[in-house]
Amino acid sequence: MPTPPKTSDEAIVSAARRILEAQGSHAFSLTDVAAAVGVRTPSLYKRITDRAELLAALEQRGFEELGECVQRASHEPDALRAMARAYRRFAQTSPHLYARMLAPDATVSGASLGWRQQAVTPVIAVLTAQLGASRALAAARAVTAFLHGWVTMENTGAFRLGGDLEADFESALAAVLAGVHGMG
């Protein structure tokens, strides 16, 4: 009779996420993940090919969670503003995962393009309803570029000049949304 597994794919990805959030992706190691799930590092290779595969699994989880957050917010009365706030909350809550998802060396393959597209689908649906299909993609790109820039600067501590970040975010978001609605 085969020996029961000492861990699972879910336990590995969950442990990897905790480690990623605590240490960042540069310090992230399979040895740390193995220790966190109670196995030796070689045992991880029964479930995962290498570090890159585990990072891809984390990226997938991140895009799925971001998509779920944005999807839930898409049902709010002011859906676009609610989705922007949900995006920001996700990035604030999981800063290292967020950074990993959009890192220059993040996984870009057929599968990852699907995760990314799924995360943005609710935004495009709302913008299509508001602006029409011909302008929705360009508008989604503008909103996403603003949000990514904002949360990246916020998460890396680049906003150090004082002021009220919450109020500034809301003002900037209002300006971006007004601009998006004026796209022609």
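The structure this text deals with has already been given above.
First things first, this report covers the structure right here in the doc. (Residues numbered from 1 in each chain as written. Predicted model: local features only at pLDDT ≥ 70, side-chain atom pairs only at ≥ 80, totals over all residues. Heavy atoms only, no water.)

Right, let's talk about the overall build of the protein for a bit. Of regular secondary structure, the protein possesses nine helices and zero strands. Helices and strands in the protein line up, N terminus first, as α-α-α-α-α-α-α-α-α. Expressed as lengths along the three principal axes of its C-alpha atoms, the size of the protein is roughly 65 × 40 × 25 Å. Across the 184 residues in the protein, those meeting the buried criterion constitute 39%. Partitioning the intrachain contacts of the protein with sequence separation of at least 6 by distance along the chain shows that 66% fall at a separation of at least 24. When the accessible surface of the protein is summed, it comes to about 10000 Å², and 57% of that surface belongs to carbon and sulfur atoms. Of the charged side chains in the protein, 18 are positive and 18 negative; the average position of the first set lies 4 Å away from that of the second. (Helix = DSSP H or I, 4+ residues; strand = E, 2+ residues; numbered from the N terminus. Buried < 20%, exposed > 50% of the residue type's maximum accessible area, 1.4 Å probe, protein only. Contact = heavy atoms within 4.5 Å. Areas by Shrake-Rupley, 256 points an atom, 1.4 Å probe, with all protein chains shown as cover. Lys, Arg positive; Asp, Glu negative; His and termini not counted. Charge placed at Lys NZ, Arg CZ, Asp CG, Glu CD.)

Turning to the pattern of salt bridges, a few remarks are in order. Think of it this way: side chains of opposite charge can pair up when their charged atoms draw near. Here the structure, examined in full by the defined rule, presents eight salt bridges. We note a salt bridge from Glu-65 to Arg-17, for which the minimum N-O separation is 2.6 Å. Within this pair, whereas Glu-65 is found in helix α4 (residues 51-73), its partner Arg-17 is found in helix α1 (residues 9-23), the two being separated by 48 residues in sequence. Residue classification places Glu-65 among the partly exposed residues on the basis of a relative accessible area of 22%. (Salt bridge = Lys/Arg side-chain N within 4 Å of Asp/Glu carboxyl O.)

On to the packing of aromatic side chains, then. Under the criterion given, the structure shown has five aromatic pairs. Relative to Phe-169, the ring of Phe-146 lies with its centre 6.0 Å away and its plane at 25°, an arrangement referred to as stacked. With Phe-146 in helix α8 (residues 133-155) and Phe-169 in helix α9 (residues 165-181), this pair connects stretches of sequence that are 23 residues apart. For the pair formed by Phe-146 and Phe-169, the shared burial category is buried. (Phe/Tyr/Trp six-rings, centres within 6.5 Å; stacked < 30°, edge-to-face > 60°.)

Position of Thr-7 among the secondary structure elements: in the segment before α1. The residues contacting Thr-7, other than those within four sequence positions of it, are Ile-12, Val-37, Val-39 and Arg-47.

Mapped onto the fold, Phe-159 is located in the loop between α8 and α9. Contact partners of Phe-159, with chain neighbours within four places excluded, come to Trp-150, Met-153, Glu-154 and Leu-165.

Our next topic: α9. Over its 17 residues, α9 extends 24 Å from the first C-alpha to the last, a length consistent with the 24 Å expected when each residue adds 1.5 Å. By the N-cap criterion, in which a side-chain oxygen at the helix start approaches the backbone nitrogen of a residue two or three places on, α9 is capped by Asp-164, the distance to Glu-166 being 3.1 Å. (Expected span 1.5 Å × (residues − 1). Polar contact = N/O pair within 3.5 Å; in protein donor to acceptor, adjacent residues only side chain to side chain.)

Turning our eyes to something else, we now look at α4. Helix length check: α4 (23 residues) gives 33 Å between terminal C-alpha atoms against 33 Å at 1.5 Å per residue, within 8%. A side-chain oxygen of the first residue of α4 lies 3.3 Å from the backbone nitrogen of Ala-52; this N-cap is Asp-50.

It is worth spelling out the packing of α8 against α9 at this point. Running from N to C, α8 and α9 point in directions that differ by 165°, and their axes come no closer than 10 Å. Relative to α9, the element α8 lies roughly antiparallel. Pair α8 / α9 crosses with right-handed handedness. Where α8 abuts α9, its residues Arg-135, Ala-139, Ala-142, Val-143, Phe-146, Leu-147, Trp-150 and Glu-154 lie against Leu-165, Asp-168, Phe-169, Ala-172, Leu-173, Val-176, Leu-177, Val-180 and His-181. The residue makeup of the contact of α8 with α9, split by class, is 13 nonpolar, one polar and three charged. (Axes fitted to C-alpha atoms, helices over the stretch in contact; angles between N-to-C directions. Parallel < 35°, antiparallel > 145°, perpendicular 65-115°, else oblique. Left-handed = near helix turned anticlockwise from the far one by under 90°. Nonpolar A, V, L, I, M, F, W, Y, C, P; charged D, E, K, R; others polar.)

As a further point, take the layout of surface pockets. Within this model, the largest pocket holds a volume of roughly 510 Å³. Lining of the largest pocket is provided by 22 residues; of these, Phe-63, Tyr-87, Arg-116, Val-120 and Thr-144 occupy positions nearest its centre. Residue assignment for the lining of the largest pocket shows that the elements contributing at least two residues are α4, α5 (79-93), α7 (110-131) and α8. Among the residues making up the lining of the largest pocket, the classes are represented as 17 nonpolar, three polar and two charged. (1 Å grid on protein atoms, 1.4 Å probe; cavity = no way out; pocket = protein on both sides within 12 Å on 5 of 7 lines; lining within 4 Å. Points joined across faces, edges and corners; volume = space filled by probe spheres on them.)

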